[in-house]
Amino acid sequence: MSYLLHIDSSATPGDGSFSRKVARSFRASFTGPVIHRDLGLAPVPHLTAESITARSTDPAQHTPAQAKEQALQDELIEEFLGASAYLFTIPLYNLTMPSVFKAWLDQILIFGRTLTIGATPPTAGRPATVITARGGSFGPGTPNHGMDHLVPSLEAILNRMLGLDLRIILPELTHAPHVPAMADLIPLHETALATAHEQAAQQGELLAKRFAA
């Protein structure tokens, strides 16, 4: 196998990010090669007119701006397709994904390269773990049930469109230790966080065994 591609998208560095902390449990159990792209520290640009038109223009006819955008897309797509497995650190921001992660997706999702119509995508079956921390809880029976627009989007894009074998880890209620109105939810937060660390470590270990096989 080649390498694990780890895409971070939390704007918060270090221990301030629960998504990053749980991802470290995964990485501590995984001993294979890793390429780490931190979109929080070094975001990729959003799509431009040149990004889009470069895809359907003969490279010999590219303007300097189109050539620059095409080179970036080529770099990101080759990095994505070259991976055998994926770790995505994607906190829930305002009910959906961080804009830096959406920008990265927009750069790599191209029909004929990563996406297909009526055929198996090139990344089908590759293992992918998503770690997505959230300040509240959005499960059945909670007041916010149905308002999580991140996980359904990730399932549609990463699993249904790209064919990745997706595992999602949810450290939730991360606001509980800091918001007085949520103080009674601290035990639930602590349990969810401990479970997330355990699941991440297990997934990292399983992937390490798969790489070693």
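Residues numbered from 1 in each chain as written. Predicted model: local features only at pLDDT ≥ 70, side-chain atom pairs only at ≥ 80, totals over all residues. Heavy atoms only, no water.

The nonpolar side chains of soluble globular proteins are, as a tendency, buried together. Among the nonpolar cores identified, the biggest contains 34 residues, and Phe88, Phe101, Trp104 and Leu158 are the most heavily contacted of them. Ranked by the residues each element gives to this core, the list is headed by helix H4 (residues 99-108), at six residues. Residue contacts for Phe88: discarding those within four places in its chain leaves Ile7, Phe101, Trp104, Ala128, Thr129, Val130, Ile131, Leu158 and Leu164. The next biggest cluster of nonpolar side chains, apart from the first, holds 17 residues, and it includes Ala85, Leu87, Ala196 and Leu207. (Core = buried A, V, L, I, M, F, W, Y, C linked by side-chain atoms within 4.5 Å. Buried < 20%, exposed > 50% of the residue type's maximum accessible area, 1.4 Å probe, protein only. Helix = DSSP H or I, 4+ residues; strand = E, 2+ residues; numbered from the N terminus. Contact = heavy atoms within 4.5 Å.)

A few words on unusual backbone geometry. In this structure, Leu95 takes a positive phi of about 75 degrees despite not being glycine. Looking at the secondary structure, you find Leu95 in the loop between strand E3 (85-89) and H4. Residue Leu95 is classed as partly exposed on the basis of its relative accessible area, which comes to 28%. Phi is positive for Leu173, close to 60 degrees, though the residue is something other than glycine. By the secondary structure assignment, Leu173 is in the loop between strand E5 (165-169) and helix H6 (186-212).

Another point: the UniProt feature "binding site: FMN" (unreviewed entry) in the protein. UniProt feature "binding site: FMN" (unreviewed entry): in the numbering of this structure it lies at Ser10, Ser17, Phe18 and Ser19. Lining of the largest pocket among the annotated residues: Ser10, Ser17, Phe18 and Ser19. Mapping Ser10 onto the fold places it in the loop between strand E1 (4-8) and helix H1 (18-29). Once you skip the residues sitting within four places of it in the chain, Ser10 turns out to touch Ser17, Arg20, Gly40, Thr89, Pro91 and Tyr93. Within the structure, Ser10 has its side chain in polar contact with the backbone nitrogen of Thr12 (distance 3.2 Å). Inspection of the secondary structure puts Ser17 in the loop between E1 and H1. Those residues in contact with Ser17, other than ones at most four positions away along the chain, are Ser10 and Thr12. (UniProt positions renumbered as here; feature names shortened; annotations may be inferred. 1 Å grid on protein atoms, 1.4 Å probe; cavity = no way out; pocket = protein on both sides within 12 Å on 5 of 7 lines; lining within 4 Å. Polar contact = N/O pair within 3.5 Å; in protein donor to acceptor, adjacent residues only side chain to side chain.)

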